[in-house]
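Notes for the structure review
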Amino acid sequence: MSKIRIAVVIGNPSAKSRTKVLAQAISARLADGLAGQLPVQIQTLEIANLAPALLTGGWPAELPADGAAAVRAIEAADLIVAVTPVYKGSYTGLFKHLFDLVSPDALVGRPVLLAANGGSDRHALVVDHQLRPLFSFFRALTVPSSVYAAESDFDGYTIRSPALQARIGEAAEQAVALIIQKAHAKHLLAA
Ligand SMILES: Cc1cc2nc3c(=O)[nH]c(=O)nc-3n(C[C@H](O)[C@H](O)[C@H](O)COP(=O)(O)O)c2cc1C
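Fair warning: this is a prediction, and the values are worked out from it, not measured in the lab.

1. Looking at the site of the ligand
Surveying the vicinity of the ligand reveals 16 residues, the closest of which are Ser17, Arg18, Thr19, Gly118 and Gly119. Sorting the residues of the shell around the ligand by element identifies helix H1 (18–34) and strand S4 (111–118) as the ones contributing at least two each. Tallied by class, residues from the shell around the ligand come to three nonpolar, 10 polar and three charged.

2. A few points about helix H2 (residues 47–54)
Where H2 is concerned, the buried positions are Ile47, Leu50 and Leu54. Axial view of H2: buried residues confined to an arc of 75 degrees, hence all on one face. Buried-residue contacts for H2 involve strand S1 (4–10), strand S2 (40–46), helix H3 (65–76) and helix H4 (93–100).

3. Quick notes on the nonpolar core
Val9, Ile26, Val81, Val83 and Leu113 are the most contacted members of the largest nonpolar core, which totals 54 residues. Per-element accounting of this core gives the leading share, seven residues, to helix H6 (residues 162–190). Look past the residues within four positions of Val83 in its chain and what remains in contact with it is Val8, Val9, Ile10, Gly11, Thr19, Leu22, Ala23, Ile26 and Ala115.

4. Side note on the environment of Leu134
Examined against the element boundaries, Leu134 turns out to sit in helix H5 (residues 126–137). Overall, the presence of 19 C-beta atoms within 10 Å leaves Leu134 in the partly exposed class. Separated by 38 residues in the primary sequence, Leu134 and Lys96 have C-alpha atoms spaced 8.7 Å apart.

5. With respect to the environment of Phe99
With respect to the helices, strands and loops of the structure, Phe99 is situated in helix H4. Remark: the alpha-carbon pair of Phe99 and Pro39, spanning 60 residues in sequence, is separated by 27 Å.

6. Comments concerning the environment of Leu94
Among the structural elements, Leu94 can be located in helix H4. Among the residues examined, Leu94 registers 18 C-beta atoms within 10 Å and is labelled partly exposed. In the structure, Leu94 is positioned 81 residues away from Pro13 in sequence and 7.4 Å away in space, judged by C-alpha atoms. When sequence neighbours within four positions are dropped, the list of residues in contact with Leu94 reads Gly11, Pro13, Ile47, Ala51 and Leu54.

Analysis parameters
- Position numbers for residues start from 1 in each chain and track the written sequence from start to end.
- With the structure being a predicted model, the display of local features is reserved for residues of pLDDT at least 70 and the display and counting of side-chain atom pairs for 80 or more, all residues being used for whole-chain, interface and lining totals.
- Each residue receives a C-beta atom built from its backbone; the residue is near a molecule or strand if that atom lies within 6 Å of it.
- Secondary structure is summarised from DSSP: a helix means a run of H or I of at least four residues, a strand means a run of E of at least two, and numbering begins at the N terminus for each.
- Polar here means any residue other than Ala, Val, Leu, Ile, Met, Phe, Trp, Tyr, Cys and Pro, which are nonpolar, and Asp, Glu, Lys and Arg, which are charged; Gly is therefore polar.
- Field definition: a residue is buried when 20 or more other C-beta atoms are found within 10 Å of its C-beta, exposed when 12 or fewer are, and partly exposed for counts in between, with C-beta atoms placed from the backbone.
- Directions pointing from the helix axis toward each C-beta atom define the arc.
- Residues are defined as contacting one another if the C-beta atoms placed from their backbone atoms lie within 7 Å.
- Here, a nonpolar core means buried Ala, Val, Leu, Ile, Met, Phe, Trp, Tyr and Cys residues linked by C-beta atoms lying within 7 Å of one another.

Below is the structure:
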């Protein structure tokens, strides 16, 4: 059986990042949920590393190899995990720029788990008012439960909030169920 491909997009422009910690916690829960059920390959795409490659052009054909590979990984993923810090009440500009490079028809019906990390709880609806509409544009299948973290959910760069851990578990469980349903449907149709 071919591996389930998960693309984890981390929208933070700097390397030391709570958003990255959040993304890693979500990835770990997804890997646990799929363990023993389906083989999985998780690829992490960090804006912090990709920014120079992405900023060379507005069209995919203008990108250097690493930028083009990142766009291809998103377009080919069975599940996208979209995680961004909150900047000015929304996702970061570089996060949006990466998705600007994705073909408008590439993600139709594709499961996407949404997560954001802000300074406080005041912008918790950024997930539903900013991230979810972006993926509605792509006609993607967003996972119903999303994840929002605030700085108070962390102890430095470690997640300390049991409520946040529980929410990560809930969203990951729903994403795993979607992946398994799709894999079974594909298998039945192929049989
Ligand atoms: C340019 C900038 C804009 C920000 N705007 C917001 C905001 O509108 N709302 C919010 O809750 N936090 C905002 N923050 C705080 C970050 O979302 C918060 O510190 C987050 O934890 C940063 O994630 P990181 O550790 O991955 O860098 C902003 C931070 C920066 C640097």
